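# What the coordinates show
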Amino acid sequence: MNLYVKNNPFWFELENLTRLYFPNEKITVYKEFDSVEKPFVYAEVFDEIRVRVSIGAFDRELTAALGADKNETELHTVQLLYRLLRDFSGVSQPWGLLTGVRPIKLLRKLSQERGQEEAQRMFSEEFFVSGEKLSLAARTEENESKLLALSKPESFSLYVGIPFCPSRCSYCSFVMSSVERAKKLIEPYVGLLCEEIKATAEIASELGLRLESVYFGGGTPTTLNAEQLNTVLTAVRENFDLSTSREFTVEAGRPDTIDEARLCSLKENNVNRISINPQTLNPDTLRKIGRKHSVEDFYRAFELARSCGFDNINTDLIAGLPDDSAESFKHSLDEILRLKAESITVHTLCMKRASTLTTEGVTLDREDAKRAREMLNYAQGELTREGYLPYYLYRQTRMVGNLENVGWAKPGCESYYNAYVMDETHTILACGSGGVSKLRDCRSDYLERVFNYKYPYEYIDRFGEMIKRKQAIKRFYSQLYG
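First, a word on scope: everything that follows refers to the structure included in this document. Sequence order as written defines residue numbering, which begins from 1 separately in each chain. Owing to the predicted nature of the model, reporting of local features is limited to residues with pLDDT of at least 70; listing and counting of side-chain atom pairs is limited to 80 or more, with chain, interface and lining totals taken over all residues. Hydrogens and waters are ignored; side-chain quantities use all the structure's heavy atoms.

## Observations concerning the overall build of the chain
Where we set the bar: Helix and strand definitions here come from DSSP, where helices need a minimum of 4 consecutive H or I residues and strands a minimum of 2 consecutive E residues; each element is numbered from the N-terminal end. Only the C-alpha atoms count toward the radius of gyration. The rule for a globule is 2.2 Å times the residue count to the power 0.38. Contacts are assigned to residue pairs that have any heavy atoms within 4.5 Å of one another.
If you tally the helices and strands in the chain, you get 17 helices and 18 strands. Relative to a compact globule of 482 residues, whose C-alpha radius of gyration would be 23 Å, the chain shows 23 Å and is just as compact. Seen through its C-alpha atoms, the chain measures out along the principal axes to roughly 65 × 60 × 45 Å. The contacts in the chain between residues at least 6 apart in sequence include a share of 73% that link residues at least 24 apart.

Written as structure tokens, this is what we have:
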């Protein structure tokens, strides 16, 4: 697909919108050109806005007046393109022309600026968001806002990354290393991670920051053995003031990494929320996506966690996985509900460029989208009926059906960290390879990022350089409060 952009800088949004309708095609953007070649999208801005779509027998053009400013002109341009692509395909996108990661944050911002009624009107009439998704967004925003209100100007959350997994899932594009390939890196990584945790705690204490939540992610943190896990958890417990922390979550994640010794280590170190993620309870699909655990492993791990005293367990499910039918997905959700997990995060399959599924040529089609929407509709209905509340939501590019990921929880069992990080409410201090500290100016939406090295071997080899970067946290806060 060719995208021609003339006399306007809106190519990024136009490209993202075009990709919603052509997820499997390469989109080539032309900003300088003498002629156009079919199939194409053409967007021109002079005395008026002119957008044309020419694909096969479909060849249509729409025009609109310029907006009052650049942002309004961009919106009008994207609106024209959406209407043309919708007419060409016969498909109305559930989130309309929105392509951003954080639609809930956008809805909240518009509500604060223009009032709730006007914000919802804009979502419906100007962004073409479906009534179903608008209702979901409004419910999520209401529930999430209650968590965000607990954050203070001096608040921060701590993220600790463990970049190791038993194996790579076929849909995954995160920077991680399988245990088989990176076993020799784990011990030195754990030692240096504890040093970074201590250094980060000293900075937070010196700045008088208030810890709101702790989140161990990855990778799979429970890839570490019980002793290694205890070492890292102890480093957090001994160096940070946890008295103000509302949550300490560890993504146990893979059921095949969960045993009594690891769970006891978590419990002894004040972890009060864990994730055990089956993704699906369809054994054929588990094999297809490269998960090493069985359905029985998941049940065993969940029951073991209960017997060890964990009363806030999250489970992840993914809608749209290969060879997973709507009926199979419904069975998976029904089983999780039977287990009475305190929170259930329902993801939609995202076809990242670097994932194995994508590199092996797996593509998306309308039937995939239809099936994923049926799955999410069922999940929303059943979870609502069972008393779960949607409390955070985000979207990604290349999602099946242009849908969303939603965290559902029983009241009082929400993950504060998930809400805080998704809304970019306050500072996140990150430790570990691939970690990104996000420093929030509480007077504005400005975020300054401090990057750790991505790969475990880089993290180990260049640790001294990376620790020096942490001084940027002090500089940021000294400029903030001067």
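Once the structure has been displayed, the description carries forward.
## Some remarks on the pairing of strand β3 (residues 40-45)
Heads up, the rule is: When accessible area is computed with a 1.4 Å probe and restricted to protein chains, residues below 20% of their type maximum are described as buried, those above 50% as exposed, and intermediate ones as partly exposed. Strands pair, by our definition, only if DSSP identifies at least two bridges between them.
Counting buried residues along β3, six of its six residues qualify, which places the element largely inside the surrounding structure. Residue alternation in β3 divides its side chains into two sets, F40, Y42 and E44 and V41, A43 and V45, and both sets are buried. Pairing geometry for strand β1 (residues 2-6) and β3, over five bridges, is parallel. Within the sheet, the bridge partner assigned to V5 lies in β3 and is A43. The sheet contact formed by β3 and strand β4 (residues 49-55) spans six bridges and is antiparallel. Residue pairing across strands places E44 opposite R50, the latter belonging to β4.

## A look at the layout of surface pockets
Keep this limit in mind: Any residue with an atom within 4 Å of a point lines the site, the site being either a cavity, points on a 1 Å grid over the protein atoms alone where a 1.4 Å probe fits but cannot get out, or a pocket, an open set with protein on both sides within 12 Å along at least 5 of 7 lines. Grid points are joined across faces, edges and corners, and a volume is the space filled by probe spheres set on the points. Classification used: nonpolar for Ala, Val, Leu, Ile, Met, Phe, Trp, Tyr, Cys and Pro, charged for Asp, Glu, Lys and Arg, polar for all others including Gly.
In this model, the second largest pocket occupies a volume close to 1,300 Å³. If you trace the second largest pocket, you find 36 residues lining it, with K105, L106, K109, L110 and F127 closest to the centre. Of all elements in the fold, only α1 (11-21), α2 (70-89), α3 (103-114), α4 (116-126) and α5 (131-148) reach the threshold of two or more residues within the lining of the second largest pocket. By residue number, the principal contributor to the lining of the second largest pocket is α3, which donates nine residues. Classifying every residue of the lining of the second largest pocket gives 13 nonpolar, eight polar and 15 charged.

## Notes on the sheet that holds β4
Applied cut-off: Inter-axis angles, ranging from 0 to 180 degrees, are taken between N-to-C directions of lines fitted to C-alpha atoms, where helices are fitted over the stretch in contact.
Strand order in the open sheet formed by five strands is β2-β1-β3-β4-β5, with mixed pairing between adjacent strands. Edge positions in the sheet fall to β2 (28-30) and β5 (58-64), since each of these pairs with one other strand and no more. On average, each strand axis in the sheet is inclined to that of its neighbour by 10°, with strand direction left out of account. Running over the sheet, α1 touches β1, β2 and β3 and is turned about 155° from β1. Where α2 meets the sheet, its contacts fall on β3, β4 and β5, and the angle it forms with β4 comes to roughly 25°.

## Focus on empty space enclosed by the protein
Evaluated as defined, the whole model comprises two cavities of 30 Å³ or more. Computed from the structure, the largest cavity encloses a volume of approximately 60 Å³. What lines the largest cavity is simply K133, L136, V346, L376, A379, Q380, E404, V406 and W408. Those elements that place two or more of their residues in the lining of the largest cavity are α5, α13 (366-385) and β15 (405-409). For the lining of the largest cavity, the element with the most residues is α13, which contributes three residues. Residues that form the lining of the largest cavity fall into these classes: six nonpolar, one polar and two charged.

## Details of α2
Worth spelling out the cut-off: Expected span of a helix, by definition, is 1.5 Å for each gap between consecutive residues, and there is one gap fewer than residues. We define a polar contact as two N or O atoms separated by no more than 3.5 Å, with the added condition that, inside protein, one atom must be a possible hydrogen donor and the other a possible acceptor, whereas residues neighbouring each other in sequence contribute only through side-chain atom pairs.
Over its 20 residues, α2 runs 29 Å from end to end, which matches the ideal 28 Å to within 8%, given 1.5 Å per residue. Those residues of α2 that are buried are in contact with α1, β3, β4, β5, α4 and α13. The backbone nitrogen of N71 has a side-chain oxygen 3.2 Å away, supplied by the residue at the start of α2, namely D69. Trailing α2 by a residue or two, G90 shows a phi angle of about 75°, which is positive.

## Remarks on the state of the cysteines
Each disulfide is one covalent bond, formed between the sulfur atoms of two cysteines. Threshold: Only a pair of cysteine sulfur atoms within 2.5 Å qualifies as a disulfide here.
Under the counting rule described, the total for this entry stands at zero disulfides. Unpaired in this structure, C431 has its nearest cysteine sulfur neighbour in C194, at a distance of 10.0 Å.

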